[in-house]
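# Working through the structure, step by step
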Amino acid sequence: MAATRSRDDPDPGSSISYWLAASPGGAPRPSLTGATRADVAIVGAGFTGLWTAIALSDTDPSVRVVVLEQETVGFGASGRNGGFCQASLTHGLANGIRHFPDEVALLEREGIANLAELIAFTRTHGIDCELEETGGLSVADQAHQVDEFKAWVDEAAEHGEELVFLDRDTVRAEVHSPLWLAGLYQPPGRDVLLDPAKLVRGLARVCEERGITIHERTRVSSVERRAGGVRVTTDDGASLDAGHVVVATSAYSGWLARLEQHFVPVYDYVLVSDPLTPEQRASIGWHGREGMSDSNNQFHYFRLTADDRILWGGYDAIYHRNSGVGPQFDRRPATFEKLEIHFRRAFPQLGDLRFPYRWGGAIDTTSRFTVTFGQALGGRLTYALGYTGLGVGASRWAGGIIRDFILRPDSDLLRLRFVRSRPLPFPPEPLRSIAVNLVRHELDRADRNEGRRGIVLRALDAVGIGFDS
Ligand SMILES: Cc1cc2nc3c(=O)[nH]c(=O)nc-3n(C[C@H](O)[C@H](O)[C@H](O)COP(=O)(O)OP(=O)(O)OC[C@H]3O[C@@H](n4cnc5c(N)ncnc54)[C@H](O)[C@@H]3O)c2cc1C
């Protein structure tokens, strides 16, 4: 009899995320075959593609929408992320103030409303995605960050964001680690935790209940302008003629040459532990179950899952030459090892905790860390990408913007600079690799040098370019 693997003993060579492994995905959906028509073709069945489909059908239920996915629903970042779902549309308030000072107040309000609507949507449609309204906790593990935290409380308050400074004893009493020197607690309202695979699969279910067709294992290879619309063609030679096409392919968007300049795919890696025993759980505190991160340039993010495992991710952000993406990059033993070492420093009381789940995924990084929108083919093609590691919540808002481009061109939101302007482009190779790796090196140096930014980072700061995950 063939041995079956238990949920706590995944194939050691597997790079499937804990989320996708932990809950069944249902029967495979058929691929696109032959020649078909739709009003809107959406390429990519992650959060952006599916929220767009839902927004289109909310506004006009008669619009025929077909979603084409190269693998399966949630195959990309949407099925592999940390499950931190934040209100911010701008990769945090500080980044919003920096790049969109004139619009940040509106964007903050939009983001908060978007998160509330996202939560309400999951409840109305019975999507049980283990959503926890916990609030967030950033921790300082370097002395210079303590003063930065104190200063940030006041600046955030000026923009309506409530943050509570926690001193060393208070933050350690909340989550027991010898590393923390201070904390910034953000009360619930702007930050929830969820299971992203359950959310993305729930969105697919709602789409199908509304008559939206999703084809899996259907890789789009080209889009061309046709009279009255576009023709989308797949690797297998099937075609879909549509009035509009939405490109929602995130870090995999290299297939469309015109998008390459806007983003770099950056690999981010995650570990998920065995469930904690009651003794292990008691040894760390963390009764508020907040989503947590440290505050270095190369930062870790960490949280509890619904069944009390620890998810620990981040730190390395790896760029592969020629904007490489693919399954060959989903496992990176050197990063997994580094993450485990860092984890054991943060939680020495959990020295023997195993991490059976290890995976990576590609993040669509832009030079200003926020989503960018655009249109091509005479307005028949609309794209949105570039959330830079903070797209779980923002992708719902982006889906609404794409819907506005197609169905509500008079929408005020389309006039925002946030929507209209583009981030500074990344250079082509070989400069691209050189630049990204130089900046990574400089960020690492700053982390080891009390946060002091060298001349390269200061020059980039001055022109508003950055690199993050
Ligand atoms: C490891 C990791 C951790 C993260 N953690 C967080 C977090 O905690 N919080 C947060 O807010 N964000 C996080 N993010 C980012 C977040 O997951 C993304 O911003 C978000 O999921 C983007 O959704 P998307 O639909 O735009 O892209 P994706 O989910 O990547 O979807 C794109 C889809 O397009 C498909 N596709 C690509 N090319 C083609 C083609 N040619 N034809 C057909 N289909 C195609 C892909 O297979 C994929 O399914 C993380 C990302 C990663 C990788």
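Residues numbered from 1 in each chain as written. Predicted model: local features only at pLDDT ≥ 70, side-chain atom pairs only at ≥ 80, totals over all residues.

## Remarks on the overall build of the chain
So the rule is basically this: Starting at the N terminus, helices and strands are each numbered in turn, a helix being any DSSP run of H or I of at least four residues and a strand any DSSP run of E of at least two. Note that the radius of gyration is over C-alpha atoms, with the globule rule given as 2.2 Å times the number of residues to the power 0.38. With C-beta atoms placed from the backbone, a residue is labelled by how many other C-beta atoms lie within 10 Å of its own: buried for 20 or more, exposed for 12 or fewer, partly exposed between the two.
Broken down by element type, the chain carries 13 helices and 19 strands. A compact globule built from 469 residues should have a C-alpha radius of gyration of about 23 Å, and the chain, at 22 Å, falls within 12% of that. Across the 469 residues in the chain, those meeting the buried criterion constitute 48%.

## A word on helix α9 (residues 333-346)
Put simply, the rule is: What a helix should span is 1.5 Å times the count of its residues minus one. The arc refers to the directions leading from the helix axis to the C-beta atoms. Contact definition: two residues whose C-beta atoms, as placed from backbone geometry, lie within 7 Å.
In a regular helix each residue adds 1.5 Å, so 14 residues correspond to 20 Å; α9 covers 20 Å between its end C-alpha atoms and thus fits that length. Every buried residue of α9 is listed here: T335, L339, F343 and A346. The arc enclosing the buried residues of α9, seen along the axis, measures out at 75°, which places them on a common side. Across α9 from its buried face, at more than 90 degrees, point the exposed residues P333, A334, E337, I341 and R345. For α9, the secondary structure elements touched by its buried residues are β12 (264-272) and β15 (310-314).

## Brief notes about the site of the ligand
We count it as follows: Proximity of a residue to a molecule or strand is defined by its backbone-placed C-beta atom lying within 6 Å of that partner. Note: domain ranges come from an automatic or database domain assignment.
Lining the immediate environment of the ligand, one finds 41 residues, of which G44, G46, G76, G361 and G391 sit closest. Of all the elements in the fold, those that place two or more residues in the shell around the ligand are α2 (47-59), β3 (84-86), β12 and β17 (357-365). Domain assignment of the residues forming the shell around the ligand places at least three in each of domain 1 (18-81 + 197-263 + 368-420) and domain 2 (118-193 + 265-363).

## Considering unusual backbone geometry
Omega for the bond connecting E429 with P430 falls within 30 degrees of zero, at 0°, which places this linkage in the cis form. Summarising the element assignment, P430 is placed in the loop between α11 (417-420) and α12 (431-447). One non-glycine residue with positive phi stands out, namely E130, at about 55°. Relative to the assigned elements, E130 resides in the loop between α4 (104-124) and β4 (136-140). A positive phi is found at Y315, a non-glycine position, where the angle reads about 70°.

## Quick look at the packing of α2 against helix α7 (residues 196-209)
What counts here: In this description, a line fitted to the C-alpha atoms serves as the axis of each element, helices being fitted only across the stretch in contact, and the angle between N-to-C directions of two axes falls anywhere from 0 to 180 degrees. Angular relationships are summarised with four words: roughly parallel below 35 degrees, roughly antiparallel beyond 145, roughly perpendicular across 65 to 115, and oblique for the angles in between. Handedness of each helix crossing follows the sense of rotation of the near helix against the far helix: counterclockwise by less than a right angle gives left-handed, clockwise gives right-handed. Each residue gets one of three labels, nonpolar for Ala, Val, Leu, Ile, Met, Phe, Trp, Tyr, Cys and Pro, charged for Asp, Glu, Lys and Arg, and polar for the others, Gly among them.
Between α2 and α7, the shortest axis-to-axis distance is 10 Å and the interhelical angle comes to 30°. As the angle between them shows, α2 and α7 are arranged roughly parallel. In the crossing of α2 with α7, the sense of the turn from one axis to the other is left-handed. Residues F47, L50, W51, A53 and I54 of α2 touch α7, and the partners they reach there are V200, L203, A204, V206 and C207. In terms of residue class, the contact of α2 with α7 is made up of ten nonpolar, no polar and no charged.

## Comments concerning the domain arrangement of the chain
In terms of domains, the chain is made up of domain 1 (18-81 + 197-263 + 368-420), domain 2 (118-193 + 265-363) and domain 3 (431-463). The C-alpha centroid of domain 3 is placed 34 Å from the C-alpha centroid of domain 1.

## Focus on helix α10 (residues 394-407)
Helical geometry note: an α-helix holds 3.6 residues per turn, so side chains three or four residues apart project in the same direction. If you check α10, its first and last C-alpha atoms are 20 Å apart, about what 14 residues at 1.5 Å a residue would give, namely 20 Å. Counting buried positions along α10 gives 13 out of 14 residues, so the element sits mostly inside the fold.

## Observations regarding the environment of A156
Within the secondary structure, A156 sits in helix α5 (residues 143-158). It is 7.5 Å that separates the C-alpha atoms of A156 and L93, two residues lying 63 residues apart in sequence. Beyond its immediate sequence surroundings of up to four residues, A156 is in contact with L93, E161 and L163.

## Some remarks on the nonpolar core
In summary, soluble globular proteins display a tendency toward joint burial of nonpolar side chains. Rules: For this analysis, nonpolar core means a set of buried Ala, Val, Leu, Ile, Met, Phe, Trp, Tyr and Cys residues linked through C-beta atoms within 7 Å.
Counting residues in hydrophobic clusters, the biggest one holds 120 residues, and the most contacted among them are A41, V43, L50, V67, V232 and V245. With residues near it in sequence (within four places) discarded, V43 still touches L68, V220, V232, V245, V246, V247, A248 and T249.

## Section: the pairing of β15
What counts, and what does not: Should DSSP find at least two bridges between two strands, the strands are regarded as paired.
Taking burial as the measure, the five residues of β15 include five buried ones, the bulk of the element. Sheet topology note: the β12/β15 ladder contains three bridges and is antiparallel. If you follow L271 over to β15, its bridge partner there is W312. Bridge analysis of strand β14 (residues 300-304) against β15 gives five bridges, and the strand direction is antiparallel. Counterpart to R303 in the pairing with β15 is L311. A loop of five residues connects β14 with β15, the two strands running antiparallel in sequence, and D308 in this loop sits at a positive phi of about 60°.

## Side note on the pairing of strand β2 (residues 65-68)
Quick reminder of the rule: When the strands point away from the viewer, a crossover counts as right-handed if the path from the first strand over the helix to the second runs clockwise.
The alternating pattern of β2 places V65 and V67 on one face and V66 and L68 on the opposite face, and all of these are buried. A crossover connection joins strand β1 (residues 35-43) to the parallel β2 through α2; in handedness this β-α-β unit is right-handed. Two strands pair when backbone bridges link them, and β2 and strand β8 (residues 213-215) are joined in this way by three bridges, in the parallel orientation. Residue pairing for β8: V67 is matched across the bridge by I214.

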